[in-house]
Amino acid sequence: MDCSVLQFGAKADGVSLDTDAIQKAVDFVSEHGGGKVILPKGFYLSGTIRLRDRVELHLEEGSVLKGSGDLSHYNALDEYPQNFESEREGWSGRHLILAVEQRDIAITGKGIICGNGKAFFDTPHRCKSFNYFWSRGIAKAINGQRPGQMIALVECKNVRICDFTIEDSPCWSLLLHGCEHASIEGITVRNPLNHANTDGIDLDTCFDVSVVNCDIDTGDDAIAIRCNGRKLLSGRKVCEGIRISRCKLASSACGIRFGVGVGEIRDVVCSDLSITRAGSALELMTAYLKRGDANLYGLICRGIRSENVSYPFRFLQWNDSVIRNVSISDYVSECFCAASFESEKNGCISDVEIRDFSMKIVPAPFILDERAPSERGEYAFSAQGVSGLSLKNVQAFVSEACRDEWKGLSRFADCENMRKENCNF
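Residues numbered from 1 in each chain as written. Predicted model: local features only at pLDDT ≥ 70, side-chain atom pairs only at ≥ 80, totals over all residues. Heavy atoms only, no water.

A. Region of the structure containing the overall build of the protein chain. Per the secondary structure count, the protein chain includes two helices and 30 strands. Over its C-alpha atoms the protein chain spans a radius of gyration of 22 Å, differing by no more than 12% from the 22 Å that the globule rule assigns to 425 residues. Summarising its shape, the C-alpha atoms of the protein chain cover approximately 70 × 40 × 35 Å along the three principal directions. Going through the 425 residues of the protein chain one by one, you find that 60% of them count as buried. Sequence-distant contacts, at least 24 apart, represent 76% of the contacts inside the protein chain between residues at least 6 apart. (Helix = DSSP H or I, 4+ residues; strand = E, 2+ residues; numbered from the N terminus. Rg over C-alpha atoms; globule rule 2.2 N^0.38 Å. Buried < 20%, exposed > 50% of the residue type's maximum accessible area, 1.4 Å probe, protein only. Contact = heavy atoms within 4.5 Å.)

B. Just the layout of surface pockets, in detail. Here the largest pocket defines a volume of roughly 1,500 Å³. In this structure, the largest pocket is lined by 50 residues; those nearest its centre are Arg88, Glu89, Tyr288, Leu289 and Arg291. Within the residue set of the lining of the largest pocket, elements represented by two or more residues are β20 (223-227), β22 (254-285) and β23 (293-317). The leading source of residues in the lining of the largest pocket is β22, at seven residues. Looking at the lining of the largest pocket residue by residue, the classes come out as 21 nonpolar, nine polar and 20 charged. Of the pockets and cavities examined, the second largest pocket occupies roughly 300 Å³. Taken together, 21 residues make up the lining of the second largest pocket; nearest its centre are Ser340, Phe341, Glu342, Gly377 and Ser382. For the lining of the second largest pocket, the secondary-structure elements that each account for two or more residues are β23, β25 (339-343), α2 (372-376) and β27 (379-384). Taken together, the residues that form the lining of the second largest pocket break down as seven nonpolar, seven polar and seven charged. (1 Å grid on protein atoms, 1.4 Å probe; cavity = no way out; pocket = protein on both sides within 12 Å on 5 of 7 lines; lining within 4 Å. Points joined across faces, edges and corners; volume = space filled by probe spheres on them. Nonpolar A, V, L, I, M, F, W, Y, C, P; charged D, E, K, R; others polar.)

C. View of the pairing of strand β21 (residues 238-250). Along β21, 10 of the 13 residues are buried, which leaves the element largely enclosed by surrounding structure. Pairing of strand β18 (residues 207-212) with β21, which is carried by five bridges, proceeds in the parallel orientation. Counted as the bridge partner of Val212 is Ser245 from β21. Judged from the three bridges that link them, strand β19 (residues 215-217) and β21 form a sheet pairing that is parallel. Opposite Ile216, over in β21, you have Leu249 as the bridge partner. Of the pairings in the sheet, the one linking β21 to β22 comprises 11 bridges and is parallel in character. In the strand pairing of β22, Ser245 is matched with Ser271. (Pairing = 2+ DSSP bridges.)

D. The arrangement of the pattern of salt bridges in detail. Here the structure, examined in full by the defined rule, presents 23 salt bridges. The closest approach of N and O atoms between Asp217 and Arg277, which form a salt bridge, is 3.1 Å. Pair noted here: Asp217 is in strand β19 and Arg277 is in strand β22, with a separation of 60 residues, a long-range link. On the accessibility criterion, Arg277 (8% relative accessible area) is buried. Residues Arg314 and Glu283 are paired through a salt bridge, measuring 2.9 Å at the closest nitrogen-oxygen approach. With Arg314 in strand β23 and Glu283 in strand β22, this pair connects stretches of sequence that are 31 residues apart. The burial state of Arg314 is the same as that of Glu283; both residues are buried. (Salt bridge = Lys/Arg side-chain N within 4 Å of Asp/Glu carboxyl O.)

E. Structural context of unusual backbone geometry. We note that Thr205 has phi near 55°; this positive angle belongs to a residue other than glycine. Within the element layout of this structure, Thr205 appears in the loop between β17 (201-204) and β18. Of note, the phi angle at Val260 is positive, near 90°, even though the residue is not glycine. By the element assignment, Val260 lies in strand β22. According to the relative accessible area criterion, Val260 is buried, its value standing at 12%.

F. Just empty space enclosed by the protein, in detail. Following the criterion strictly, the structure yields four cavities of 30 Å³ or more and no others. Taken as a whole, the largest cavity encloses approximately 70 Å³ of empty space. If you go around the largest cavity, you meet 13 residues; those closest to its centre are Tyr132, Ser135, Arg136, Ala278 and Gly279. Within the residue set of the lining of the largest cavity, elements represented by two or more residues are β22 and β23. Element by element, the count of residues in the lining of the largest cavity is highest for β22, at three residues. Considered class by class, the residues forming the lining of the largest cavity number five nonpolar, six polar and two charged.

This is how it looks when you write it as structure tokens:
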């Protein structure tokens, strides 16, 4: 069954609140066996919309679904037990589109979903914490109050997300939390480059998810792969079976971040990626702000081109967690900082292959302060405490314009069973 939200009283004038009309259409279609809920061309102002089983929310070309600037129009924080918020980062567990424990759901079409982030963010300012992340400044919530993940799909199965555009999200744009069997294809994300926490896609403790042909330009991580399953009712603690390919990514933080949470991330393949702006193109970490224990196993990254990035990749190991069996290959990067492995405990990063990797360090195109030398590293390629590091056809260069800023091209400390073949440092 297909129906238009106009049949249920939606005004599509950008002034009237169309939440109730859209929700009535979703509920009606779900109760009658499933089908497509269509938003024809028009401007729909809305609070929280709850997707139901067997419903496809379809935005026709020329349609805009925009989040209300009034937090009272969104779901209650205690509406479902898996919900969470971050007081420190200033976002709540309120969402524009929400699906909890639903099956066979989809969001499709050539329309736009706008989070109305500008209604919630303060004026950007220079980041006080970093030089090489958020280099164009950072903006946070006005009075610490804004919605959370704009589209939140929680413990859902058989999910299809395709073709539409996300704009101006107030927080993470699209979260899949504990979901199984999902495909995300052809979506575009456009968020201001200085709005904090505006991740493009977050895959948290999910199973069997593909992300293909997506174009993400945002402030925070373009794609984050997480294992923060603490609140999931299923008890799942592993994020696995993730495939990311043929995507264009830009971020003021990380192109792809692996880590965050207490659990495991394994069996992830990222291929054919273009990263055109990032603080760190690839970030593999076992803890965020040294909190948590994310164990990373069996990660493959291949066919990557990055430019205008600070770090081509960073491995960061803290606490008792590990990073093992990682392969990065066919990667060319023009960057401002080192490719680095930092391990709190020797041997906790192990069995890593870097093959057919070429990096060229060039001067950063933004203003730096006195912390820059310690942040970027002293050597272009450095590894501390890595066991079983294999380097094949690895080339590292520092351009003449910034050669005086570096002590050397490579440094390896406490790296057991390291193998090097045809490397030029």
